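The primary structure of each chain is shown beneath.
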Amino acid sequence: MTQYQKGMLVMNYLKSLQTDILTIGDAIEDDNLEKSYQLIKENPQITKAEFLKQMGLKEKKH
């Protein structure tokens, strides 16, 4: 799977959880993409709260 495909998978999954677009950007940036992808691959039912906690991310507030 290409980096682009991984990024799209992560982005679409997080969008389905109503995650803020800026937070999604953090999750798919170069330093985080592989970890984000692995988290979702290993636990396809992961909640937004658990994903953000394991990634060490906080949802952005506009």
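To be clear, the structure that these remarks concern was listed above.
Residues numbered from 1 in each chain as written. Predicted model: local features only at pLDDT ≥ 70, side-chain atom pairs only at ≥ 80, totals over all residues. Heavy atoms only, no water.

Would you mind going over helix 1 (residues 3-16) in detail, with residue names and values included?
Look at helix 1: 20 Å from first C-alpha to last across 14 residues, which is about the 20 Å you get at 1.5 Å a residue. Within the span of helix 1, buried status applies to K6, G7, V10, M11, Y13 and L14. The buried residues of helix 1 occupy an angular sector of 165° when the element is viewed end-on, so they sit on one face. In the core, the buried residues of helix 1 are packed alongside helix 2 (21-28), helix 3 (33-42) and helix 4 (48-55). (Helix = DSSP H or I, 4+ residues; strand = E, 2+ residues; numbered from the N terminus. Expected span 1.5 Å × (residues − 1). Buried < 20%, exposed > 50% of the residue type's maximum accessible area, 1.4 Å probe, protein only. Arc of directions from axis to C-beta. Contact = heavy atoms within 4.5 Å.)

Describe the pattern of salt bridges, naming the residues involved and giving the relevant values.
Following the criterion strictly, the structure yields two salt bridges and no others. A salt bridge links E34 to K6; its shortest N-O distance comes to 2.9 Å. Pair noted here: E34 is in helix 3 and K6 is in helix 1, with a separation of 28 residues, a long-range link. Assessed through its relative accessible area of 33%, E34 is described here as partly exposed. (Salt bridge = Lys/Arg side-chain N within 4 Å of Asp/Glu carboxyl O.)

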